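# Reading the structure
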Amino acid sequence: MQSNIPHIGLFIPCYIDQFYPNVAIATLELLEKLGCKVTYPLGQTCCGQPMANAGFEIETKGTTEKFIKDFAEFDYIVAPSGSCVLHIKEHQPHLKKLAKNQQYVQSKIFELSEFITDVLRIESIEGSFPHKIGFHSSCHGLRGLRLASDTERNDKEYNKVHQLMKELKGMEWVELTRKDECCGFGGTFSVTEEAVSVQMGKDRIADHMDKGVEIIVGGDMSCLMHMQGITIRDKENVQLMHFAEVLNQALS
Amino acid sequence: MSHPANAALFLKDQSRAKWHDETLWIVRQKRDLTIHQIPEWEQLRDLASQIKEHTLSKLDFYLEELERNATANGIKVHWAENAAEHNEIIGRIIDEKNCTAIVKSKSILTEECHLNPFLEAKGIEVVDTDLGERIIQFLKQPPSHIVMPAIHLKKSDISDIFHEKLQTEKGNIDPVYLTQAARLHLREKFLQAKVAITGVNFGVAETGEFVVCTNEGNADMGVHIADTHIACMGIEKLIPRRKDLGIFLRLLARSATGQSITNYNSHFRSPAPGKELHLILVNNGRTKQLGREKFRNSLKCIRCGACMNTCPIYRRSGGFSYGSTVPGPIGSILSPGIDLKKYSTLPFASTLCGSCSDVCPVKINIHEQLYEWRQEITKAQGTSAKGIAMKLANGLFQSPLAYRLSGKAMRASLKNLPNSVIYNPLNVWGKSRDLPPVPTETFKEWYKKNKK
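A quick note: this is a predicted structure, and the numbers were derived from the prediction, not measured.

Turning our eyes to something else, we now look at the overall build of chain B. Counting its regular elements, chain B contains 22 helices and ten strands. By principal-axis analysis of the C-alpha atoms, chain B measures approximately 90 × 55 × 45 Å. Of all 452 residues assigned to chain B, the portion counted as buried reaches 45%. Nonlocal contacts in chain B, meaning residues at least 24 apart in sequence, comprise 73% of its contacts between residues at least 6 apart.

Turning our eyes to something else, we now look at the pairing of strand β7 (residues 228-234) of chain B. Residues and elements named next belong to chain B. Most of β7 is tucked away, with seven of its seven residues classed as buried. By the alternation rule, side chains of β7 split into T228, I230, C232 and G234 and H229, A231 and M233, which are all buried. By the bridge criterion, five bridges tie strand β4 (residues 195-199) to β7 in an arrangement that is parallel. Pairing of A196 across the sheet is with H229, part of β7. With seven bridges joining them, β7 and strand β10 (residues 276-282) adopt parallel strand pairing. Among the inter-strand pairings, I230 is bridged to a residue of β10, identified as H278.

So, on to the interface of chain B and chain A. Put simply, an interface is often sized by how much accessible area is lost when its parts join up. In this complex, chain B contributes 56 residues to the contact, which on the side of chain A involves 57 residues. Per-element accounting of the side of chain B that touches chain A gives the leading share, eight residues, to helix α19 (residues 385-398) of chain B. Along the lines of polarity and charge, the residues of the side of chain B that touches chain A split into 29 nonpolar, 14 polar and 13 charged.

For the rest of this paragraph, the subject is the nonpolar core. Of all hydrophobic cores here, the largest spans 174 residues; its most connected members are I77 and V78 of chain A together with V195, F210, C232, M233 and C307 of chain B. Contacts of V78 of chain A, omitting those with residues within four sequence positions, involve I8, L10, F11, L31, F110, L112 and F115 of chain A.

Before going further, it helps to spend a moment on the sheet that holds strand β8 (residues 239-242) of chain A. Residues and elements named next belong to chain A. One open sheet holds the four strands; their spatial order is β6-β5-β7-β8, and the pairing between them is parallel. Two strands lie at the open edges of the sheet, namely β6 (172-174) and β8, each paired on one side alone. Averaged over neighbouring strand pairs, the angle between their axes works out to 35 degrees when direction is ignored. Here strand β5 (residues 132-136) pairs with β6 via three bridges, running parallel.

Turning our eyes to something else, we now look at the confidence of the model for chain B. Of the residues in chain B, 91% reach a pLDDT of 70 or more, and the chain-wide mean stands at 93. Here the predicted complex carries an ipTM of 0.95, next to a pTM of 0.94.

Calculation criteria
Residues numbered from 1 in each chain as written. Chains lettered and ligands numbered in written order. Predicted model: local features only at pLDDT ≥ 70, side-chain atom pairs only at ≥ 80, totals over all residues. Helix = DSSP H or I, 4+ residues; strand = E, 2+ residues; numbered from the N terminus. Buried ≥ 20, exposed ≤ 12 C-beta atoms within 10 Å, placed from the backbone. Contact = placed C-beta atoms within 7 Å. Pairing = 2+ DSSP bridges. Nonpolar A, V, L, I, M, F, W, Y, C, P; charged D, E, K, R; others polar. Core = buried A, V, L, I, M, F, W, Y, C linked by C-beta atoms within 7 Å. Axes fitted to C-alpha atoms, helices over the stretch in contact; angles between N-to-C directions. pLDDT = per-residue confidence, 0-100.

Here it is as structure tokens:
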């Protein structure tokens, strides 16, 4: 291995490990195709977000300590989830004895699309993906990590995933009526506020279906899992994919 | 008070819930259109946020400046520590004037202090003159939104109410016709009232004046006819200088309704000859909130309601589901400060999507404060079932082996158990959603086989 190749610690959120291994494999393969050296630390578990968002940040000290120890040795940490990355950056409980390493981990962790556009400085991915897609902008990536401009603020328009996908041959990117409304997953919210959560998910899916979308593409499997749960139950004829799968497929 | 239960009830009437969501979404879209015509919009938000930050850091100083200058202008300034004092001050003034009927222009503060029932118990007729307020007053309902108090009602509902209360034609839903009927009815009330009450949008320390923003002109109509004007102001509604209004007035209406400015921005500086002007400065828990570092800047709020219009939960659960005077995201960070136990479900009535923080014209980090309230609430609740589950989860995620085993057990059971067991009534997730199909192996297993 050349020394100027960054060594990436691959962080795979627990529900992706358990339910969506293909998304993790696509992330790994995509990063390797883009010339990165990638290691998946086998001892990793969860970032602690589900607990913290439920009001138990204080109970995530052990999980946090473990996370920092697993990942402090890498040049970068990359994850296919805006939500988990935001948690590491903003909601980990502060650990005094690991302060230096914690700061390092928090400054070196990137969501997959921002790592490719901002660190690897890749303008767009070349390949083919002949499908009509609708993009689901997950809130934590959108408004937390600012992976795209949102409709609330008066900013210049941009979208890092769109930037990467825009050159794909045959791909049609559909404009939604409500471009960046939340899907209603929200971690424990999906269970504690079940009625609103499901209604939000149904509304989001309907927006894609109205536009004739074949595949709903997103950057957070948690949102997609929630929406997939509804599309399967309601027998909606639409697929859901992580953009890592799209890009990895397009590149091969 | 449980938000989830109220929300589920609201969603039972599917077509009405959809209508509610779409109606408020239109307001949000109007707001989007108008803010994109202002290239310096984000700068305005920054400035407004900084001015409020500064004001809150010297609140005592500016309040005393306001009192001094207002008094010099001939305004009678009162201080109310809480809702009861606020109501008593108003009751006393009304008694002095031998007044039995008053008109009031929308003031969420008087809602917060429950002024109407207090005055009604004293035998005083209170007429809310804002059209939306008057409609819900007929129904004996509280406002469901702080700017559009009757937004939960359709034209046909209002037609029915007016038919009963104002004897309009049954079934006539023409807004012009209905508004005309309300006008005639209110005109009579305006002419009878000797005392008029209003809220305050901005108190200006430098000049000792205050500003009331309305669209209907009802506040002005009320106070110009009455001999006595009582204005009720939360102590956070303060700005240092008159020129700061150039920022706040541009932000307020655009954020609230998408208008470039409210129709009436009336400055009240001194009483007209022979008349009285009172200003009540109300604390009612605000200094307590000021003392809470993480929640202090919730006091920057200028009550535009934009966070309600944008909130995907508010739009689908309605204002009443929150059970608090101020509903929606901002209410969910203000209310727990008033009664943590009563409002403990409100900070959880959010996906933390952050839309509220990004529409907020004074840049309150609403969704981050919701997150912080969650931490406070679980601490205050002590050991709970959820707490124990979370402790277990932390133990689980600390140990790779335990994580692997429990993941394996969960995946195995999902694979092998019949659907009737997986989708039992205790599985809330599965009521309207399937669980993801279970893959043959985890990524970890795949990685060990293929990459190690």
